[in-house]
Amino acid sequence: MINRVLIRTKVVQNLYSYMLTRPDRTLANALKDLNTCLEKTYELYHYLMRLPVELTHIQEMRLDEARNKYLPTEEELNPNMKFVHNRLVAALSSNEELEQFAQDHTVTWNDDPILERMMLDKVLKSDIYNDYMASDEDNMTADSLLWQQLMKQVILTDENMADAVEQRSLFWTEDDMDLLGQFVCKTFRRIAEGADDAIMPMFKDEEDSDFGKELFSASVTMMPENNALIDSLLLESRWDKDRIVLMDRIIMCTALAELLTFDKIPAAVTLNEYIELAKNFSTAASGKFVNGILNNAVKQLRDEGKLLKR
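What counts, and where the lines are drawn
Residues numbered from 1 in each chain as written. Predicted model: local features only at pLDDT ≥ 70, side-chain atom pairs only at ≥ 80, totals over all residues. Heavy atoms only, no water. Patch = residues over 30% accessible without salt bridge, like charges linked within 9 Å, V, L, I, M, F, W, Y side chains within 5 Å. Areas by Shrake-Rupley, 256 points an atom, 1.4 Å probe, with all protein chains shown as cover. Salt bridge = Lys/Arg side-chain N within 4 Å of Asp/Glu carboxyl O. Lys, Arg positive; Asp, Glu negative; His and termini not counted. Charge placed at Lys NZ, Arg CZ, Asp CG, Glu CD. Helix = DSSP H or I, 4+ residues; strand = E, 2+ residues; numbered from the N terminus. Axes fitted to C-alpha atoms, helices over the stretch in contact; angles between N-to-C directions. Left-handed = near helix turned anticlockwise from the far one by under 90°. Contact = heavy atoms within 4.5 Å. Nonpolar A, V, L, I, M, F, W, Y, C, P; charged D, E, K, R; others polar. Core = buried A, V, L, I, M, F, W, Y, C linked by side-chain atoms within 4.5 Å. Buried < 20%, exposed > 50% of the residue type's maximum accessible area, 1.4 Å probe, protein only. Phe/Tyr/Trp six-rings, centres within 6.5 Å; stacked < 30°, edge-to-face > 60°. Expected span 1.5 Å × (residues − 1). Polar contact = N/O pair within 3.5 Å; in protein donor to acceptor, adjacent residues only side chain to side chain.

Novice: Explanation requested: a negative patch on the surface in the structure shown.
Specialist: A surface patch of negative charge is lined by Glu159, Asp163, Glu166, Glu174, Asp175 and Asp178. Only α9 (159-168) and α10 (174-192) provide two or more residues apiece to the negative patch. Position of aspartate 163 among the secondary structure elements: in helix α9.

Novice: Even after reading the chapter, I still don't get the packing of helix α1 (residues 4-21) against helix α11 (residues 206-221), so can you show me in this structure?
Specialist: The description of two helices packed together rests on the angle between their axes and the distance between the axes. Direction vectors running N to C along α1 and α11 enclose 30 degrees, while the axes themselves pass 10 Å from each other. Crossing geometry of α1 relative to α11 is assigned as right-handed. Residue-level contacts link Arg4, Ile7, Arg8, Val11, Asn14, Leu15 and Tyr18 of α1 to Glu207, Asp208, Phe211, Gly212, Leu215, Phe216, Ser219 and Val220 of α11. When its residues are assigned to classes, the contact of α1 with α11 shows eight nonpolar, three polar and four charged.

Novice: Please explain the nonpolar core as it appears in this structure.
Specialist: The nonpolar side chains of soluble globular proteins are, as a tendency, buried together. Counting residues in hydrophobic clusters, the biggest one holds 100 residues, and the most contacted among them are Ile2, Tyr45, Phe83, Trp147 and Met161. Considering each element in turn, this core owes the most residues, 14 residues, to helix α2 (residues 27-67).

Novice: Would you take a moment to explain unusual backbone geometry for this structure?
Specialist: Both trends apply: most residues other than glycine have a negative phi, and most peptide bonds are in trans. Cis geometry is found at the peptide bond from arginine 22 to proline 23, where omega equals 0 degrees. Counting through the fold element by element, proline 23 comes out in the loop between α1 and α2.

Novice: Where do I start with the packing of aromatic side chains in this structure?
Specialist: To describe a pair of aromatic rings, you give the distance between the ring centres and the angle between the ring planes. Considering all chains together, one arrives at eight aromatic pairs under this definition. Between tyrosine 47 and tryptophan 172, the aromatic rings sit 5.3 Å apart at their centres with planes inclined by 70 degrees, giving edge-to-face as the arrangement. Of this pair, tyrosine 47 sits in helix α2 while tryptophan 172 sits in the loop between α9 and α10, and the two are 125 residues apart along the sequence. Ring geometry for phenylalanine 83 against tyrosine 129: centres 5.3 Å apart, planes inclined by 75 degrees, an arrangement best described as edge-to-face. Linking phenylalanine 83 in the loop between α3 (74-77) and α4 (87-94) with tyrosine 129 in helix α7 (residues 127-134), this pair joins segments that are 46 residues apart in sequence. In terms of burial, phenylalanine 83 and tyrosine 129 fall into one category: buried. Ring pairs connect the aromatic residues Tyr42, Tyr45 and Phe101, which therefore count as one cluster.

Novice: Explain the pattern of salt bridges to me, please; I cannot follow it from the model alone.
Specialist: Think of it this way: side chains of opposite charge can pair up when their charged atoms draw near. According to the stated counting rule, one finds 21 salt bridges in the structure shown. Salt-bridge contacts for lysine 122 lead to aspartate 158; the nearest nitrogen and oxygen are separated by 2.8 Å. With lysine 122 in helix α6 (residues 113-125) and aspartate 158 in the loop between α8 (140-155) and α9, this residue pair connects regions lying 36 residues apart in the sequence. Looking at aspartate 158, the relative accessible area reads 7%, which means it is buried. When the shortest N-O distance is used, the salt bridge between aspartate 231 and arginine 249 registers 3.0 Å.

Novice: What am I meant to see in α1 here?
Specialist: Compared with the 26 Å implied by 1.5 Å per residue over 18 residues, the 25 Å span of α1 between its first and last C-alpha is a close match. Within α1 the residues assigned to the buried category are Arg4, Leu6, Ile7, Arg8, Thr9, Lys10, Val11, Val12, Asn14, Leu15, Tyr18 and Met19. Check the buried side of α1 and you find it contacts α2, α10, α11, α12 (223-236), α13 (246-261) and α14 (267-281).

Novice: So what exactly am I meant to see when it comes to a nonpolar patch on the surface here?
Specialist: Taken together, the side chains of Tyr16, Leu20 and Leu246 make up a nonpolar region of the molecular surface, amounting to roughly 250 Å² of accessible area. Structurally, the position occupied by leucine 246 is in helix α13.

Novice: I'm lost on the side chain of aspartate 208 in this one. Help?
Specialist: Counting through the fold element by element, aspartate 208 comes out in helix α11. A polar side-chain atom of aspartate 208 sits 2.7 Å from a polar atom in the side chain of arginine 4. In this structure aspartate 208 touches Arg4, Ile7 and Phe203, once residues within four positions along its chain are discounted.

Honestly, it's all geometry; don't read function into it.
Written out as structure tokens, the structure is:
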């Protein structure tokens, strides 16, 4: 689930923090922090998976309270139970893997009842909910689609939810929520399709599991020589090296470390990924600047016989 795009992002972010705090932090401590960051990212996936279960439970309690009040209306006595009987939510609730992870890591929104009530109220007022409740379609596909749409259009776009996520962990950002929301929706679809392996593992395989720490270590180890290469290219282009923002330099050093360390990753893939990181995490001009420097670096490394892959 934590793919290489996300790993690269976390490596660059943690490398930026490491460079600002040296020499107080050792490489070993920085690698430990990176691992914690990735674990917390996977934890956010489980938090988002847990939300439909807990919101549905609150709505079920609301309906039960209304049914048992002193003078209930006919609608309160016989409410439409389609939402609380949602098959996807039932599948999430009964999934032993999700339940075990929630217990082991205390994954719950119940410690923030105000947020839960606000999110449920927003769900119940949405056109997505009302269309679902009025529809005659009553199957797992429709139940899954409801929560995919709610996740993308109601939950992930809510400012209160974004604030709550960032307050829960220093490792979580709004960008993380958007990306992990996509994985959550993919999981909902796979559950509806009956996939036995619908719940995504933290990493696809051992190679991805090792990728982050290997890239981080290589970036630190090779930083002097990669910085020297960058400085020489800046000199050729008559760019003042002191004007380069730290994030741009870190992105370029990490890209060069990946180019020279991971033979199986095509150079074009690496270049595209880090140019996008520069656009997203640095200045407005960083994408074009990083693109130019990295392409010149690749040409020089190939001319020197140091980079053989295409």
